[in-house]
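An overview of the molecular structure
Now for the letters of each chain:
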Amino acid sequence: MEFNAPAGRNLFDASKVVGKSTPRIDGPLKTTGQAPYAYERHDVVANQAYGYIVGSAIAKGRISAMDAEAARAAPGVIAVILATETKPVGKGMSNYAPLFGGSDIAHYHQAIACVVAETFEQARSAAALIRTSYDRSAGRFDFPKLAPEAPLAKDEEGKPDRQTVGDFDSAFAAAEVKIDATYTTPDESHAMMEPHATIAAWDGDKLTLWTSNQMINWGKESMGKILGMDPKNIRLDSPYIGGGFGGKLFIRADAVVAALAAKQAKRPVKIALQRPLMANNTTHRHATIQRLRIGAGRDGRITALAHENWSGNINGKEGENGTLQTPVLYAGANRLIANYIATLDLPEGNAMRAPGEAVGHLALEVAMDELAEKLGMDPIELRIRNEPKSTVPGKPEKRFSDRNLVRCLREGSTRFGWDRRKAKPGSVRDGQWLVGMGVAAGYRAAPANKSAARVRLDGNGGVIVETDMTDIGTGSYTIIAQTAAETLGVPLEKVKVTLGDSDHPAAAGSGGQWGAASSTAGVYAACVTLRQKIGQTLGFDGDKAEFAGGKIKANGKSFDLAEAGKLSVDGGIEFGKFKDDYDVGTYAAHFAEVAVNAYTGEARIRRMLAVCDAGRILNPLSARSQVIGAMVMAAGAAMMEELVVDTRFGFFVNHDLAGYEVPVHADIPAQDVVFLDTLDPIISPLKAKGVGELGICGVGAAIANAMYNATGVRVREYPITLDKYF
Ligand code: MOS
């Protein structure tokens, strides 16, 4: 089913089920500890043994020798696999670091061995007996030092990632008011609750992985490529996922090593990546350096806008591109956007929630605040004044599908009490605390990807939806059930949703903020096809019939859904070429009030508000949870999170949850989330867009701007910790 234009017929006008706040149907299982996560699936296969991974103690070089004699003789040990005795496996899709095998070491904590034993403790204890010698080579670990020499990134066709519109240099030179500021963001860890975990079992040449993965069909293809197998012989099952944030978009060492270890042990093997390995063995968000130059007239109209971004990665190609939102967010005839990438020998940088935009706003939206102050203009008014008419300056045909950023800003201003903000920094005091308010705009692209589902009637009035779509804690189960319930006119309780199994039709998966919009559109399309099939079975036109309350009204007659028997449809949706003509994005206005202790520099967020524009909101309750979670994550990015690099030995030092600080409840005050709940006429028949990554875009900048408004000290080096005030 190809969908290119606004649907002629909107089944969702009444918002009967879709669009209603609905508690998550998987909620009771999760809150009572009964949702089985990968490592806890004790009953899926008998005779599970425990694997324990050993990580490399050097960041770059070679293993010269490994001695596993003592480990192999240790109590309970079933097998030991060593990298030096294993041919290197392939790299996964979108993976840049090797996952296992061979003597070469590309990054710290690269998996080099796995001990399989009867119990976890036996495996861990034996792993400590493996002796490894290395030839260490010099590596490139110091990103800030290497960044200035970094070459321009290249796109897939090899074109340098540098966009120019008009003549930035002349326009900037001539501008009446200018900002030239550089911001830095550190490496960050996904730090999800559930570590990467897999149970692997072989049945002849067939491999099953009970795992924790956001993208099941990518995972299946990727695993085939890594192990040199036909993906048809691989099954992934991932019904519950304890957080991913992009860290589980790809196959990682837990799955690969569990598969190799299970083969050698001739038994199913389960591996959960140990927490201290997570930061260096898996992926992280890359550090950035971002230079913003903005030139404007005294009236606040931007005439010149340059955003240059530096990051680094193990492959020297894919970095963290902080410029993504900049061409879309503001008008301005003369532009320069450039993205540079240094080659580093640190662990692999890869996607983390709103890759690019999450850190891009930390620079752009603070630069806008700096410009507003220089102009003596309200920062909200400055943004409204620079609202673009089209996505490309001077090209009115390049349109936004639906954009309500100005409404977000105005609505937020009223709700937050922005008029109480004092423009002069450091002018509000509450005892020892300096109090300030900040605002920032947010933009995150809203992609939509091909998504399929199987929808079946159970013959008793119930509906079963099966797809490999995942629920990473986002609420996919619920919005998919809502979509099927409404399209087929049955109560929500009558819909059973099975997710995360690669034996089911391939969905868009959970990534890039495309999951909700794509997977529900796919389920909707399958349900529409099922309606037609029901019509053929019972003798009416399924497109014209009315499906409601478990009944069907057609040709002046009423049918029970059960009368159609056990029908099944494999259907789905492909998205058309609208991306060529439209920018389909989501928008937000973020507000924060922060207090900074005048004596210690300790900071406390007092209030936060997000006003979001993301098309139809499928389930306001779970969408709100997504945004609230993202706001917390953004508070972490602004104020505490940082993977500290040991630039001598090339690893992240604080590689556990004791050393890597993330916000806790006590850090987070009153949060409010408002949705404009508009309809995006372009994206899909449901007119809905994702919101989970929008929620993190701009929040940190609002906090940083509030901290500046409180103190009058502008810290451009994230996270803004108290030491940086002095
Ligand atoms: Mo997202 S970083 O594509 O899970």
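Just so we're clear, the structure is a prediction, and the values are computed from it rather than from any experiment. (Residues numbered from 1 in each chain as written. Predicted model: local features only at pLDDT ≥ 70, side-chain atom pairs only at ≥ 80, totals over all residues.)

Okay, the overall build of the protein next. When its secondary structure is counted, the protein shows 17 helices and 32 strands. Along the first, second and third principal axes, the C-alpha atoms of the protein reach 80 × 75 × 55 Å. For the protein, with 726 residues in total, the buried portion stands at 57%. Contacts in the protein between residues far apart in sequence, at least 24 positions, make up 81% of those at least 6 positions apart. (Helix = DSSP H or I, 4+ residues; strand = E, 2+ residues; numbered from the N terminus. Buried ≥ 20, exposed ≤ 12 C-beta atoms within 10 Å, placed from the backbone. Contact = placed C-beta atoms within 7 Å.)

Moving on, we come to the sheet that holds strand S16 (residues 334-343). To summarise the sheet geometry, strands pair through backbone hydrogen bonds and adopt either a parallel or an antiparallel arrangement. Here we have five strands laid out as an open sheet, ordered S8-S16-S15-S14-S9, and mixed in their pairing. Of all the strands in the sheet, just strand S8 (162-165) and strand S9 (177-185) have a single pairing partner and so form its edges. Between one strand axis and the next, the sheet turns by 10° as a mean value, whatever way the strands run. Strand direction decides the pairing type here: S8 and S16, joined by four bridges, are antiparallel. Within S16, the residue paired with Thr164 across the bridge is Leu336. The strands that helix H10 (residues 357-375) touches are S9, strand S14 (288-296) and strand S15 (302-313); relative to S9, the one it contacts most, it runs at about 150°. (Pairing = 2+ DSSP bridges. Axes fitted to C-alpha atoms, helices over the stretch in contact; angles between N-to-C directions.)

A few words on the sheet that holds strand S12 (residues 234-237). An order of S4-S6-S2-S13-S10-S11-S12 is seen for the seven strands of this open sheet, with the pairing classed as mixed. Bordering the open sheet on either side are strand S4 (77-82) and S12, each of which pairs with just one other strand. Averaged over all pairs of adjacent strands, the angle between strand axes in this sheet comes to 20°, irrespective of strand direction. Sitting on the sheet, helix H6 (residues 216-227) is in contact with strand S11 (206-211) and S12, with an inclination near 145° to S12.

Turning our eyes to something else, we now look at the domain arrangement of the protein. Parsing the protein into structural domains produces domain 1 (2-35 + 448-580), domain 2 (45-137 + 199-273) and domain 3 (145-188 + 285-391 + 399-446 + 584-725). Taken over C-alpha atoms, the centre of domain 1 sits 36 Å from the centre of domain 3. Listed per partner, the contact involves 26 residues of domain 1 and 23 residues of domain 3. Secondary structure elements with two or more residues in the side of domain 1 that touches domain 3: helix H13 (476-488), helix H14 (515-538) and helix H15 (578-581). (Domains from an automatic or database assignment.)

A word on the pairing of S15. Most of S15 is tucked away: 12 of the 12 residues are buried. Summarising the sheet, S14 and S15 pair through eight bridges and their orientation is antiparallel. Note that in S15 the partner of Gln290 across the bridge is Asn309. Where S14 folds back on S15, the antiparallel hairpin that results is connected by five residues, among which Gly300 adopts a positive phi of roughly 90°. In this sheet, S16 lies alongside S15 in parallel orientation, the contact comprising 10 bridges. Across the sheet, the residue bridging to Asn309 is Asn339, located in S16.

This brings us to H6. Look at H6: 16 Å from first C-alpha to last across 12 residues, which is about the 16 Å you get at 1.5 Å a residue. Restricting attention to buried positions, one finds in H6 the residues Ile216, Trp218, Gly219, Lys220, Ser222, Met223, Ile226 and Leu227. Along its buried surface, H6 packs onto S11, S12 and helix H7 (253-265). Two residues or fewer after H6 comes Gly228, characterised by a positive phi angle close to 65°. (Expected span 1.5 Å × (residues − 1).)

By the secondary structure assignment, Arg606 is in strand S29 (residues 603-613). Residues Arg606 and Glu563, 43 residues apart in the sequence, show an inter-C-alpha distance of 57 Å.

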